[in-house]
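Here is what each chain is made of, one letter per residue.
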Amino acid sequence: MKKICIYGLGSIGGLIGARLAASGVAVSAVARGATLQAVRERGLELIDTHEGQPRRRQFAIQASQRPEELGPQDLVILSVKTTALPAVAREIGPLIGPEATVLSAMNGIPWWFLHGLGESASGLRLDSVDPDGVLSRAIPAAQVLGSVTHLSAATDGPGIVRHVAGNRLIIGEPTGGAATPRARAAVALLRNAGFDVEEAASIQQEIWFKLWGNMTVNPISGLTGATGDRILDDELVRNFMSACMLEASSVGRRIGLPIDADPESRHAVTRQLGAFRTSMLQDVEAGKPVELDALVGAVLEIARQVEVPTPSLNALFGLARLHARVRGLY
């Protein structure tokens, strides 16, 4: 893989792009607005910690808002908000030749999630994240590699990304494992860039487990404005979160993705993050569209199709959706 393009230079896409550039890989990116201007003028800037002190480095990369100017790629790392995917579907075509691989690095349930799950997902649909199959036609599941990110980063300004914590990426084929030539190539590329990369036996299982924790704390933070610690400190709210998670566990079992954990153990992991502000809370505060469909709506859509009752999740989604609609964010 020699031609690498980052589609979306936000915090995660920017971190991956900067790390790849630091490892000597020629990186290009699709970006817009102030981010595009900044990257063209001074490069992509990475702030990380070296021997206990912040270290700033800048990397010259080719950036454009027009994918056709960058041309067909070997690997496209797609790291955008899921709310931006309809626009991506219209524009990404020039980057994807017949041999291209798209590495999906986003929140929630992706459009290709049901691909490769076998009989347990036969006949199911995901209209909530892929209305009319637009994304599946633009980015076929057969050309997708899945990933789960267990790291955090922030943007300190246009074209400036700061590594906050964590270094773990999980990579896998939608059909299972990571033993294909393209998966091995992507794993090697990212390991060489300094990430701790794990190969997933089932990338959908990894996505579902991460979602299991995020699907409650994100919308609750958006609704209340509370940080993670305050959400967990409220016993009534924590119990409501647990009820939602147990419903999601039942849905997962129906589609072959059981979760071998209890909600309180997952809350303990979340508590270790301290007074963190979720991505959805940050989006609400910034007046940006929220990723409700990928985080909760898709779970409810699957639940209806496999006939699992979800009264707590219904309440969570309804309240969060109304809150977002009132503010023009959904």
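Below or above, wherever it landed, is the structure these notes cover. (Residues numbered from 1 in each chain as written. Predicted model: local features only at pLDDT ≥ 70, side-chain atom pairs only at ≥ 80, totals over all residues. Heavy atoms only, no water.)

### Description of the overall build of the protein chain
- Along its length, the protein chain carries 13 helices and 10 strands.
- In terms of overall dimensions, the protein chain is globule-like: its C-alpha atoms have a radius of gyration of 19 Å, near the 20 Å expected for 330 residues.
- Dimensions of the protein chain along its principal axes, counting C-alpha atoms only, are 50 × 45 × 35 Å.
- Contacts spanning at least 24 positions in sequence make up 73% of the contacts within the protein chain whose residues lie at least 6 apart.
- Carbon and sulfur atoms make up 50% of the accessible area of the protein chain, which totals about 14,500 Å².
- Charge centroids of the protein chain, computed over 32 positive and 33 negative side chains, lie 4 Å from each other. (Helix = DSSP H or I, 4+ residues; strand = E, 2+ residues; numbered from the N terminus. Rg over C-alpha atoms; globule rule 2.2 N^0.38 Å. Contact = heavy atoms within 4.5 Å. Areas by Shrake-Rupley, 256 points an atom, 1.4 Å probe, with all protein chains shown as cover. Lys, Arg positive; Asp, Glu negative; His and termini not counted. Charge placed at Lys NZ, Arg CZ, Asp CG, Glu CD.)

### Focus: the nonpolar core
- Leu78, Phe113, Ile139 and Trp208 are the most contacted members of the largest nonpolar core, which totals 73 residues.
- Setting aside residues no more than four positions away along its own chain, Trp208 makes contact with Ile109, Phe113, Ala248, Val251, Gly252, Ile255, Leu257, Ile259, Val299 and Ile302.
- In this structure, Leu103, Ala183, Ala186 and Ala193 belong to the second largest nonpolar core, which totals 38 residues. (Core = buried A, V, L, I, M, F, W, Y, C linked by side-chain atoms within 4.5 Å. Buried < 20%, exposed > 50% of the residue type's maximum accessible area, 1.4 Å probe, protein only.)

### Focus on the pairing of strand β2 (residues 27-30)
- Across the two faces of β2 the burial is the same, with Val27 and Ala29 and Ser28 and Val30 all buried.
- Across four bridges, strand β1 (residues 4-7) lies against β2 in parallel orientation. Pairing of Cys5 across the sheet is with Ser28, part of β2.
- You can see the chain leave β1, run along helix α1 (residues 11-22) and come back into β2, and the turn it takes is right-handed. (Pairing = 2+ DSSP bridges. Right-handed = clockwise from strand over helix to strand, strands pointing away.)

### Let's talk about the layout of surface pockets
- Roughly 350 Å³ of volume is contained in the second largest pocket.
- Lining the second largest pocket are 23 residues, and of these Thr82, Thr83, Pro86, Ser128 and Val129 lie nearest its centre.
- Where the lining of the second largest pocket is concerned, the elements lending two or more residues are α4 (85-91), α5 (134-138) and α12 (292-306).
- No other element matches the four residues that α4 contributes to the lining of the second largest pocket.
- Counted by class, the lining of the second largest pocket contains 16 nonpolar, three polar and four charged residues. (1 Å grid on protein atoms, 1.4 Å probe; cavity = no way out; pocket = protein on both sides within 12 Å on 5 of 7 lines; lining within 4 Å. Points joined across faces, edges and corners; volume = space filled by probe spheres on them. Nonpolar A, V, L, I, M, F, W, Y, C, P; charged D, E, K, R; others polar.)

### Description of the pattern of salt bridges
- Summed over all chains, the structure comprises 17 salt bridges.
- The salt bridge partner of Glu91 is Arg32, with a shortest N-O separation of 2.2 Å. Here Arg32 lies in the loop between β2 and α2 (33-42) and Glu91 lies in helix α4, a separation of 59 residues in the sequence.
- Classification of Glu91 by relative accessible area gives partly exposed; the value is 28%.
- A salt bridge links Asp283 to Lys81; the shortest N-O distance between them is 3.1 Å. Note that Asp283 is positioned in helix α11 (residues 279-286) and Lys81 in the loop between β6 (73-78) and α4, a separation of 202 residues in sequence.
- When its relative accessible area of 5% is taken as the criterion, Asp283 is described as buried. (Salt bridge = Lys/Arg side-chain N within 4 Å of Asp/Glu carboxyl O.)

### A word on unusual backbone geometry
- In this structure, Asp132 takes a positive phi of about 60 degrees despite not being glycine.
- You will see that Glu307, though not glycine, has its phi angle at about 60 degrees, which is positive.
- Secondary-structure assignment places Glu307 in the loop between α12 and α13 (311-326).

### Brief notes about α11
- For α11, every residue scored as buried is listed here: Met280, Leu281, Asp283 and Val284. All buried residues of α11 project into a common sector of 160 degrees when viewed along the axis, lining one side.
- On its buried face, α11 is in contact with α7 (203-224), α12 and α13.
- Within two residues after α11, Gly287 carries a phi angle of roughly 70 degrees, on the positive side. (Arc of directions from axis to C-beta.)

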